[in-house]
Amino acid sequence: MAAHANEPVGYCVEIAIEASSLANMDLFSLSDPFAILSAPGIPASTTDGRRGKSNPTILGRTETQWDVLNPCFVKSFVLQPDTPNGMTLNVSIYDRDSKSSDLDKQDLIGFADCTIQDVIASGTEGVTLQLDPPKGKDKSVGNVTLIADLYDEAAPSHELKFHVERSSFKNMSALGQFLTKPYLVIYRRRSNNKWAPIFRSKATRREEDPAYSHDLVTSATIRTYNGRGRCEETPLRIELRAHKSNTNHRLIGATQLSLASLRRQTAGKRLSLGLGGEAVGEIIFRSVVLDINVSSFEFEINFTA
């Protein structure tokens, strides 16, 4: 039986956003997309989002992902248990053209609407919507997917903080010129066995500009979702990729471990990164700070010669 539109969802809802087949808005490289999540029906007093011209309440903005047409955004958004099932969500995808936070100075790719109940009912696969193009444009501009993970406020959780600098990538010449812009992505595994990104390190020269620092997501909270499993058993995947401005970002090496295993790492310990059964490098932990609810990790990547 479908929930009534005015009934509260009754639990916390974490919304993740992905997009696919986005229109390329740039001439010499791929688009630099970010997403805005809005909820016109939610009272402004319940959120710290700023007001926009067409959307009364902006719940938040994802990080910008550079030179990509199929982004999986790291930044997610949490809706509280008293949020009504029938509340409309609006998601807009922009191509970043300016350092300014003013959306009028960015290039709108497209937008879509659905209700929170639509997202929840779609399960772990999420609801995929065709993006409507801006007024005056009739071409296909891509799709957006909203995925809901549900959890109880009292469910166990653990916050992870990561720090890795581009200057910490050693011996880059050993792997050739395609590694001039390496970056690291850390994922958690969802209940449908798909990987959700929770951290992405710096990659491009633009991200090294302090004006872009607000785009970086440096911490993540791991929870017990949908009442399944245990927080510390959450599988994690660490990938090293090479950024390219006009094609897919190449996978260089990867490793997998659980949250509990990650928390057992100590300063000076090393984790091997591999690809196709061959070692390509290692993660060297420089600093590990553990607490009951928060863990901080500072590390560098060293390539195998």
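Scoring rules and cut-offs
- Think of each chain on its own: its residues are numbered from 1, step by step along the sequence as written.
- In keeping with the model being predicted, local features are shown solely for residues with a pLDDT of at least 70 and side-chain atom pairs are shown and tallied solely at 80 or more, while totals for entire chains, interfaces and linings include all residues.
- The basis for every side-chain value is the complete set of non-hydrogen atoms in the structure, without hydrogens or water.
- In what follows, salt bridge is the name for a side-chain nitrogen of Lys or Arg lying within 4 Å of a carboxyl oxygen of Asp or Glu.
- For helices the rule is a DSSP run of H or I covering at least 4 residues; for strands it is a run of E covering at least 2, with both sets numbered from the N terminus onward.
- Buried means the residue's accessible area, taken with a 1.4 Å probe over protein chains only, is under 20% of the maximum for its type, while exposed means over 50%, and partly exposed covers the values in between.
- Only buried Ala, Val, Leu, Ile, Met, Phe, Trp, Tyr and Cys residues count toward a nonpolar core, and they belong to the same one when joined by side-chain atoms within 4.5 Å.
- Strands qualify as paired when DSSP identifies two bridges or more between them.
- Between N-to-C directions, angles cover 0 to 180 degrees, with each direction set by a line fitted to C-alpha atoms, over the stretch in contact for helices.
- Per residue, pLDDT measures the predictor's confidence, with a range of 0 to 100.
- For this analysis, residues touch if any pair of their heavy atoms sits within 4.5 Å.
- Note on aromatic pairs: the rings of Phe, Tyr and Trp (six-membered ring only in Trp) are paired at centre separations within 6.5 Å, and the planes decide the class, stacked below 30 degrees, edge-to-face beyond 60, tilted for the rest.

> Any chance you could explain the pattern of salt bridges here in plain terms?
The tally for this structure, following the rule as stated, stands at 12 salt bridges. A salt bridge links Glu298 to Arg286, with the nearest nitrogen and oxygen atoms 2.9 Å apart. Note that Glu298 is positioned in strand β18 (residues 294-303) and Arg286 in strand β17 (residues 278-290), a separation of 12 residues in sequence. Accessibility expressed as a relative area gives 28% for Glu298, which makes it partly exposed. The salt bridge partner of Arg286 is Glu300, with a shortest N-O separation of 3.6 Å. One end of the pair, Arg286, is in strand β17; the other, Glu300, is in strand β18, with 14 residues separating them in the sequence. Taking relative accessible area as the criterion, Glu300 reaches 14% and is therefore assigned buried.

> So what exactly am I meant to see when it comes to the nonpolar core here?
Here is a general trend for soluble globular proteins: nonpolar side chains tend to be buried in one another's company. Among the nonpolar cores identified, the biggest contains 32 residues, and Leu37, Leu89, Val91, Ile93, Val144 and Leu146 are the most heavily contacted of them. Elements that contribute at least two residues to this core include exactly β1 (12-20), β2 (33-38), β4 (77-79), β5 (88-95), β6 (107-115), α1 (116-121), β7 (127-130) and β8 (143-151). Core analysis: the second largest hydrophobic core is formed by 28 residues, Leu184, Leu262, Leu273 and Ile301 among them.

> What exactly am I supposed to notice about the sheet that holds β6 here?
Paired through backbone hydrogen bonds, the strands of a sheet run either parallel or antiparallel to each other. With respect to topology, 4 strands assemble into an open sheet ordered β3-β2-β5-β6, the strand pairing being antiparallel. A single partner strand is all that each edge strand has here, and the edge strands are β3 (58-61) and β6. Geometrically, the sheet is characterised by an average inter-axis angle of 20° between neighbouring strands, direction not taken into account. Bridge count between β2 and β3: 3 bridges; the pairing is antiparallel. Following the sheet pairing, Ser38 is matched in β3 by Ile58.

> Looking at this structure, I do not really get the confidence of the model for the chain. What am I missing?
Atom-level detail of predicted coordinates should not be read off regions where pLDDT is low. Per-chain confidence: the chain averages 83 in pLDDT, with 84% of residues scoring 70 or above. Mean pLDDT values for the elements of the chain range from 74 in strand β10 (residues 169-170) up to 97 in β7. Below pLDDT 50 for its whole length, residues 43-55 participates in 16 contacts with residues either more than four positions away or in separate chains. Confidence over residues 204-214 falls short of pLDDT 50; this stretch has 24 contacts with residues more than four positions distant or in other chains.

> Would you mind showing me how to read the environment of Phe303 here?
Position of Phe303 among the secondary structure elements: in strand β18. Phe303 sits 50 residues away from Gly253 along the chain, and the two C-alpha atoms are 9.9 Å apart.

> What is the right way to read the packing of aromatic side chains from this model?
The geometry of two aromatic rings is summed up by the distance between their centres and the angle between their planes. For the structure on display, the rule yields 6 aromatic pairs. An angle of 40° between the planes, with centres 5.0 Å apart, marks the rings of Phe162 and Phe199 as tilted. Here Phe162 is found in strand β9 (residues 157-163), whereas its partner Phe199 is found in strand β12 (residues 195-200), with 37 residues between them in sequence. Look at Phe199 and you get buried, because its relative accessible area is 2%. On the numbers, 6.1 Å between centres and 20° between planes, the contact of Phe162 with Phe297 is stacked. With Phe162 in strand β9 and Phe297 in strand β18, this residue pair connects regions lying 135 residues apart in the sequence.

> For this particular structure, what's the right way to read the environment of Ile120?
Here Ile120 lies in helix α1. Its relative accessible area of 15% is what places Ile120 among the buried residues. Separated by 35 residues in the primary sequence, Ile120 and Asn85 place their C-alpha atoms 9.0 Å from one another. Setting aside anything within four residues of it in sequence, one finds Ile120 in contact with Val9, Tyr11, Val13, Asn85, Ala148 and Leu150.

> Explanation requested: the sheet that holds β7 in the structure shown.
Taken in spatial order, the 4 strands of this open sheet run β4-β1-β8-β7, and their pairing is antiparallel. Each edge of the open sheet is held by one strand with a lone partner, namely β4 and β7. On average, each strand axis in the sheet is inclined to that of its neighbour by 30°, with strand direction left out of account. Inspection of the sheet shows β1 paired to β8 by 9 bridges, in the antiparallel sense. Residue pairing for β8: Cys12 is matched across the bridge by Tyr151.

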